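Read off the chains here:
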Amino acid sequence: MKIEIITIFPDLFTEVFRFGMIQQAQQKGLLEIEAINLRDFTTDRHRTVDDRPFGGGVGMVMKPEPLFAAVESCMGDNSSPPHVVLLSPQGQLFDQNKAKELSLMTRLILICGRYEGVDQRVADHLVDEEISLGDYVLSGGEFGAAVIVDAVSRLIPGVLGRGDSVLQDSFMDGMLDYPHYTRPAQFRDWKVPESLLSGNHREIERWREEQSLKLTKRRRPDLLHVKENDNESS
Ligand code: 9D3
């Protein structure tokens, strides 16, 4: 899979993808990530990417021409047409199902908005879909793009090995994880729950299921009402 990120801050991405699973995916040749500087697609002396809003109001709006030119230049260098995503507060909420969908694409373009937003003609005629990372205000799409790259990368076949967690715990679908413990069996005054030390696998499984359910009911009751197929490992 190739992912291109169009941004006015390409340097933001020089370190984020150089570690852990994303780095391994790139080294294995399963993933290629490129940060593209939107200002390289401007034509004026000041490399202008924004302008004042028609109709007035606060802030600036990202001009359509550099965004269209940047995306169209990505089209040119490869045969299969990329799936184009605009990161914006008006988008559909990003979730595990969306990550799964995007992981099936061979080419992905992530457009990071800044300022008050992008010219509506970009949303209407350049992108395939708009995605939001959640109901809070960010200063632009860059960190959202990094989150999407992370969530999508680990779903690319071959990126995670067997034993990694995507395929495990299928009975826990749609619930929060149970608490984990490692050695020592007692740290300061705090002991690891007896069930986990019992060596009885049925008891351990029962304890984990119970913990998972209790925690989910208390903290994320919304997860207990989702459709079957909204979960990671189904
Ligand atoms: C006047 C209203 N504006 C400020 C509150 C709206 C606004 C415009 C542009 C709010 C944020 C932004 C920049 N944010 C993004 O580009 C963005 C974003 C987000 O703010 N929240 C969640 N997901 C995303 S993805 C891109």
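Residues numbered from 1 in each chain as written. Predicted model: local features only at pLDDT ≥ 70, side-chain atom pairs only at ≥ 80, totals over all residues. Heavy atoms only, no water.

### Concerning unusual backbone geometry
Argument step 1. Note that the residue after Arg 183, namely Pro 184, is joined by a cis bond; omega there is 5 degrees.
Argument step 2. Tracing the sequence through the fold places Pro 184 in the loop between helix H6 (142–153) and strand S8 (186–187).
Argument step 3. Phi angles above zero are rare outside glycine, and Tyr 115 is one such case at about 60 degrees.
Argument step 4. Residue position: Tyr 115 is located in the loop between strand S6 (107–112) and helix H5 (120–125).
Argument step 5. For Tyr 115, a relative accessible area of 35% corresponds to the partly exposed category.
Argument step 6. Of note in the backbone geometry, Arg 188 takes a positive phi value of approximately 50 degrees without being a glycine.
Argument step 7. With a relative accessible area of 62%, Arg 188 lands in the exposed category. (Helix = DSSP H or I, 4+ residues; strand = E, 2+ residues; numbered from the N terminus. Buried < 20%, exposed > 50% of the residue type's maximum accessible area, 1.4 Å probe, protein only.)

### Looking at the domain arrangement of the chain
Argument step 1. Domains assigned within the chain are domain 1 (2–153) and domain 2 (168–233).
Argument step 2. Computed from C-alpha coordinates alone, the two centres of domain 1 and domain 2 are separated by 36 Å. (Domains from an automatic or database assignment.)

### Details of the site of the ligand
Argument step 1. The full set close to the ligand counts 16 residues, and Glu 116, Leu 133, Gly 134, Tyr 136 and Leu 138 are the nearest of them.
Argument step 2. In the model, a nitrogen atom of the ligand is placed 3.0 Å from a nitrogen or oxygen of the Glu 116 side chain.
Argument step 3. Here Leu 138 contributes a backbone N or O atom positioned 2.9 Å from an oxygen atom of the ligand.
Argument step 4. Burial of the ligand by the protein amounts to 75% of the accessible area it has alone, namely 560 Å².
Argument step 5. Elements with a contribution of two residues or more to the shell around the ligand: strand S5 (83–93) and strand S7 (129–132). (Near = heavy atom within 4 Å. Polar contact = N/O pair within 3.5 Å; in protein donor to acceptor, adjacent residues only side chain to side chain. Areas by Shrake-Rupley, 256 points an atom, 1.4 Å probe, with all protein chains shown as cover.)

### Concerning the environment of Phe 41
Argument step 1. Turning to its location among the elements, Phe 41 is positioned in the loop between strand S2 (32–37) and strand S3 (50–51).
Argument step 2. Sequence separation between Phe 41 and Met 21 is 20 residues; the distance between their C-alpha atoms is 32 Å.
Argument step 3. Among residues more than four places away in sequence, those in contact with Phe 41 are Ile 36, Pro 66, Ala 69, Ala 70 and Ser 73. (Contact = heavy atoms within 4.5 Å.)

### Notes on the pattern of salt bridges
Where side chains of opposite charge bring their charged atoms close, a pairing between them can arise.
Argument step 1. Applying the stated criterion across every chain, the model contains 13 salt bridges.
Argument step 2. Lys 98 is the salt-bridge partner of Glu 129, the closest N and O atoms lying 2.7 Å from each other. Residue Glu 129 is located in strand S7, and its partner Lys 98 is located in helix H4 (residues 96–103); the two are separated by 31 residues in the primary sequence. Exposure class is identical for Glu 129 and Lys 98. Each is buried.
Argument step 3. Here Arg 220 makes a salt bridge to Asp 222, at a shortest N to O gap of 2.9 Å.
Argument step 4. Looking at Asp 222, the relative accessible area reads 43%, which means it is partly exposed.
Argument step 5. Among the charged side chains, a salt-bridge network with shared partners connects Lys 2, Glu 4, Glu 32, Glu 34 and Arg 107. (Salt bridge = Lys/Arg side-chain N within 4 Å of Asp/Glu carboxyl O.)

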